[in-house]
Amino acid sequence: MAERLVIEGGARLQGRVAVSAAKNAALPALAAALLTTEPVVFENLPALADVTTISRLLERLGAEISKGAAGETEVRVAELKSDEAPYGLVSTMRASVLVLGPLVARSGRARVALPGGCAIGLRPIDQHLKGLARLGAEIRIENGYVEARASRLKGARITTDLVTVTGTENLLMAATLAEGTTVIENAAREPEVVDLAVLLQSLGARVEGAGTERIEIDGVPELGGGRHRVIPDRIETGTLLTAGAITGGDVTVTGVVPRHLSAVLGKLEEAGVALEMGEATIRARGPERPRATDVITQPFPGFPTDMQAQVMSLLGRADGTSRITETIFENRFMHVAELCRMGARIETDGASAVVRGVSHYQGAPVMASDLRASAALVLAGLAARGRTEVSRVYHLDRGYERLDAKLAQLGARIWREP
Ligand code: EPU
């Protein structure tokens, strides 16, 4: 039977906790290893179900992956054995689509299952495909698969119709081996895109402008090996700080890059959380009761959609009414009904949720629907009176490395039951 998390609410979290490496930087970084025959060494991959899934996919494609001392992982794709990402893997993890750009760039062909919908919305990949077509790939969609072919990709100017994180990453990776210069306009500016560019540069790629809306790539005939340290997970950092805040506790997260969290920290302050920033630490001291504030999700540097659910749990306890607007995904309010089962007063109205704060949550059995929704339910459980049981905890394990253990280390009464 699937595991559940049991939480006895009410403990004020206190202490220091180290953040893990970022899931959403590790996944494209692993896919980038497909671009070279040489070994790429990752110093700090997080132990996450999604990292295992993409590692399996890479192995199917021909990668040899070995673990070294001190937590290092070496990935080497000396020879591609397949060009196919099968439906079984892509349907468990949409980010599998990140192999599309590297495969077509390296071998001139790729066959990747169309991801289809997921718990947080439709999430098409049309911008990835349009960009690859601009680079000269011939794209066909047949039997639920995308087939991309090109003898060698050719640099081009690409303007995406909307800001897409993995779309930018796919095109950035593909362009590193294209002939000539590629310019990606309206590029995603997320720190994870910058981290990928840093890795690609260390492999010999010529990339400029990552972190701005215009990325320029001068294609090279081949890339070499390299070594990479993945950036800290800004969403895990935000989640741990919110755990401190929602329990009225005092939590310091270490190993962080504070500037990756500006929008989240701004909202926590508006909610009455006292913050102290060090060079690589952030300390959050929670108010007795948060203040209401409005939140609107935006591409980076705006407020991240991946923190929307967790901040809703915080504002659900606020003194006053908040409005939370989700602009990135059309169906990312699955946590609302579950929070209401814990006593929250939240109504959705299209892309907005009106959150009328309650003084306390009540513990209840609840069900996780996706990764960040699970985190939101755990946070509410920490602050609730009584016992909360979160089922389908595998959603949490996709993207948080031992979140329950880290929370327990801060004094939470939280454990797993079969
Ligand atoms: N979109 C399109 N067409 C495309 C690509 C995107 O219409 O070709 C739409 C999407 O449907 C969505 C919006 O554009 O409405 C933005 O999607 P984006 O492509 O930026 O999302 P993603 O790259 O699939 C990454 C993260 C998500 C995170 C989003 C937004 C990874 C592996 N995933 O997804 O992370 O929510 O960016 O920041 O990097 C999570 O970690 O919980 C998670 C869902």
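Everything below is about the structure printed above this text.
Residues numbered from 1 in each chain as written. Predicted model: local features only at pLDDT ≥ 70, side-chain atom pairs only at ≥ 80, totals over all residues. Heavy atoms only, no water.

A tally of helices and strands in the protein chain yields 14 helices and 24 strands. Here the C-alpha atoms of the protein chain give a radius of gyration of 21 Å, agreeing with the 22 Å that 2.2 N^0.38 yields for 418 residues. A principal-axis box enclosing the C-alpha atoms of the protein chain has dimensions of 60 × 45 × 45 Å. Considering only contacts in the protein chain between residues 6 or more positions apart, those separated by 24 or more positions represent 73%. Total accessible area on the protein chain stands at roughly 16,000 Å², and carbon and sulfur atoms take up 47% of it. Here the protein chain holds 48 positive side-chain charges and 50 negative ones, and the gap between their average locations is 3 Å. (Helix = DSSP H or I, 4+ residues; strand = E, 2+ residues; numbered from the N terminus. Rg over C-alpha atoms; globule rule 2.2 N^0.38 Å. Contact = heavy atoms within 4.5 Å. Areas by Shrake-Rupley, 256 points an atom, 1.4 Å probe, with all protein chains shown as cover. Lys, Arg positive; Asp, Glu negative; His and termini not counted. Charge placed at Lys NZ, Arg CZ, Asp CG, Glu CD.)

Among the nonpolar cores identified, the biggest contains 75 residues, and Val-99, Leu-153, Leu-172 and Leu-200 are the most heavily contacted of them. The element best represented in this core is helix H1 (residues 23-32), accounting for seven residues. Excluding residues within four positions of it along the chain, Leu-172 makes contact with Ile-184, Val-193, Leu-196, Ala-197, Leu-200, Val-207, Ile-215 and Ile-217. The next biggest cluster of nonpolar side chains, apart from the first, holds 63 residues, and it includes Leu-268, Ala-368, Val-390 and Leu-407. (Core = buried A, V, L, I, M, F, W, Y, C linked by side-chain atoms within 4.5 Å. Buried < 20%, exposed > 50% of the residue type's maximum accessible area, 1.4 Å probe, protein only.)

Let's shift gears to the pattern of salt bridges. Under the definition given, this model contains 31 salt bridges. Note that Arg-111 is salt-bridged to Glu-147, the shortest N-O span being 3.1 Å. With Arg-111 in strand S7 (residues 109-113) and Glu-147 in strand S9 (residues 145-149), the pair connects residues that are 36 residues apart, well separated along the chain. Look at Arg-111 and you get partly exposed, because its relative accessible area is 23%. The salt bridge involving Arg-289 is made with Asp-319; its shortest N-O contact spans 4.0 Å. Highlighted residues: Arg-289 in the loop between strand S17 (281-285) and strand S18 (295-296) and Asp-319 in the loop between helix H10 (308-315) and strand S19 (321-325), separated in sequence by 30 residues. Salt bridges sharing common partners tie together Glu-84, Arg-111, Arg-140, Glu-142, Glu-147 and Arg-149. (Salt bridge = Lys/Arg side-chain N within 4 Å of Asp/Glu carboxyl O.)

Taken together, the neighbourhood of the ligand is formed by 22 residues, with Gln-127, Thr-164, Thr-166, Asp-306 and Ile-328 sitting nearest. If you list the elements that add at least two residues to the shell around the ligand, you get H1, helix H5 (126-134), helix H6 (165-176) and helix H12 (371-383). Top element by residues in the shell around the ligand is H5. It accounts for three residues. Tallied by class, residues from the shell around the ligand come to ten nonpolar, six polar and six charged. (Near = heavy atom within 4 Å. Nonpolar A, V, L, I, M, F, W, Y, C, P; charged D, E, K, R; others polar.)

A few words on the packing of H5 against H6. With their axes 8 Å apart at the nearest point, H5 and H6 run at an angle of 20° to one another. Considering their axes alone, H5 and H6 lie roughly parallel with respect to each other. The interaxial crossing formed by H5 with H6 has right-handed handedness. Contact residues: Gln-127, His-128, Gly-131 and Leu-132 in H5; Thr-166, Gly-167, Asn-170, Leu-171 and Ala-174 in H6. Residue composition of the contact of H5 with H6, by class: three nonpolar, six polar and no charged. (Axes fitted to C-alpha atoms, helices over the stretch in contact; angles between N-to-C directions. Parallel < 35°, antiparallel > 145°, perpendicular 65-115°, else oblique. Left-handed = near helix turned anticlockwise from the far one by under 90°.)

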